[in-house]
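As a plain string of letters, each chain reads:
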Amino acid sequence: MTGHSPDFSMLMVGANAGVIGMCKEHLGLALALTVPVFVVITKIDMCPPNVLQDTLKLLQRILKSPGCRKIPVLVKSKDDVISSAMNFTSERICPIFQVSNVTGENLDLLQIFLNLLTPRIYCNESEPAEFQIDDTFSVPGVGTVVSGTCLKGMIKLNDTLLLGPDSLGQFIAIAIKSIHRKRMPVREVRGGQTASFALKKIKRSYIRKGMVMLSPAVEPVACWEFEGEVLVLHHPTTISTRYQAMVHIGSVRQTATIIWMSKEHLRTGDKATVRFRFIKSPEYLKPDMKLVFREGRTKAVGQTTRLFPHVHATAQNTRHHRARGHHTRPQNEPQKASKRNRNRNKNKTKDVAHFAENSVGKFASSSSKTSVEGVDDGQQPSVGPVVVNGS
């Protein structure tokens, strides 16, 4: 939902199963991200009429609730399709289709509705190019391939873009070797389209999800920390500082820590300004981006308001950074031994000391025996001749 920037979302509901927990969660995410949603009820051929009516009543009650505030419209004719498609962008209308994939009932109405929809987001081709990476591949004979969505501008074959940020927040220049869209080779990609790019002289291990490819005119800067307006949809207890959870911003999916909040604690339904810090690596963000914050049953939504591109996080305090001040290689930097190794070194020291004491004692006793060997009682040891200056 956040990574692919959808114009619309289609909610599938089984007529016999009804509105289940996963269906409610997906509907809540679509509403939180302000994505227009329409509902398609399937399997009406195998569902008893009374169960189908109960599913429709429950669905309409949920859509009319204060949390959704939608106007459900049952589509039964082509006139309903046209009126729903024209008013669908207002985000208040929620068309409901009842279809059967076995008999093909009302599938023509759904197809007409999809053809009448127009994109909500229009991109200006004169803007600098911006492409977010959703997935990476390694194709034999081709090399590294990335797929994602072009958010702005136009990307052509053999263009040079900036790929990043890496673990240190840097961007590198990369060339586009080939472009594929819907399994067909193309020469350019415009904003709002998805495509795959084959990159030159880059390893797949260097690329991760959440990276972007930007035009050099953008002059991108990565950030470790950012602030956002957050609304807590659900949390079992309370949220305080140093709380960690997974943050979804566009194609970025990374664990972040709360380092500051405008309130002391956050509970279900609270809204506050929160400052986050990424755990692993910096990311490329922009203001007013949709934010989803979740961990287990905890769910919170919001948007970014402020970025801190020059603030270094604790994650940057690595051996590579400490080695810069001492002009040593990080792999040669001495490390603190673990507790187990320290105890092992102490035992080795005791054994060496004990061995040294025994060796000295044995050596002293053997020396005394050698000095008195061959001397009888009452006799003086014989002294050999002494030669001085060769005489």
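Because the structure is predicted, anything quoted here is derived from the model rather than measured.

Participant: I would appreciate a short explanation of the overall build of the protein in the present structure.
Facilitator: On a plain count of helices and strands, the protein comes out with six helices and 19 strands. Per-residue burial over the protein gives 37% buried out of 391 residues. Of the roughly 23,600 Å² of accessible surface on the protein, a fraction of 53% belongs to carbon and sulfur atoms.

Participant: How do you make sense of the sheet that holds strand S16 (residues 252-261) when you look at a structure like this?
Facilitator: Paired through their backbone hydrogen bonds, the strands of a sheet run either parallel or antiparallel. Here we have six strands rolled up into a closed barrel, ordered S14-S17-S16-S15-S18-S19, and antiparallel in their pairing. Neighbour to neighbour, the strand axes of the sheet diverge by 45 degrees on average, direction disregarded. Here strand S18 (residues 290-295) runs beside strand S19 (residues 298-308); their pairing, made up of six bridges, is antiparallel. Across the sheet, residue Glu295 finds its bridge partner in S19, namely Thr298.

Participant: Help me out: how do you make sense of the environment of Leu291 in this one?
Facilitator: Of note, Leu291 is situated in strand S18. In this structure Leu291 comes out as buried when scored by relative accessible area, which is 0%. Taking the C-alpha atoms as reference points, Leu291 and Glu229, separated by 62 residues in sequence, lie 8.8 Å from one another. Not counting residues up to four positions away in its chain, the partners in contact with Leu291 are Val230, Val247, His248, Ile249, Phe276, Ala300, Val301, Gly302 and Gln303.

Participant: When you look at the side chain of Thr136 in this model, what are you seeing that I'm missing?
Facilitator: Here Thr136 is to be found in strand S5 (residues 130-139). For Thr136, a relative accessible area of 9% gives the class buried. If we ignore the near neighbours within four places in the chain, the residues touching Thr136 are Val145, Val146, Arg204 and Ile207.

So, how was this worked out
Residues numbered from 1 in each chain as written. Predicted model: local features only at pLDDT ≥ 70, side-chain atom pairs only at ≥ 80, totals over all residues. Heavy atoms only, no water. Helix = DSSP H or I, 4+ residues; strand = E, 2+ residues; numbered from the N terminus. Buried < 20%, exposed > 50% of the residue type's maximum accessible area, 1.4 Å probe, protein only. Areas by Shrake-Rupley, 256 points an atom, 1.4 Å probe, with all protein chains shown as cover. Pairing = 2+ DSSP bridges. Axes fitted to C-alpha atoms, helices over the stretch in contact; angles between N-to-C directions. Contact = heavy atoms within 4.5 Å.

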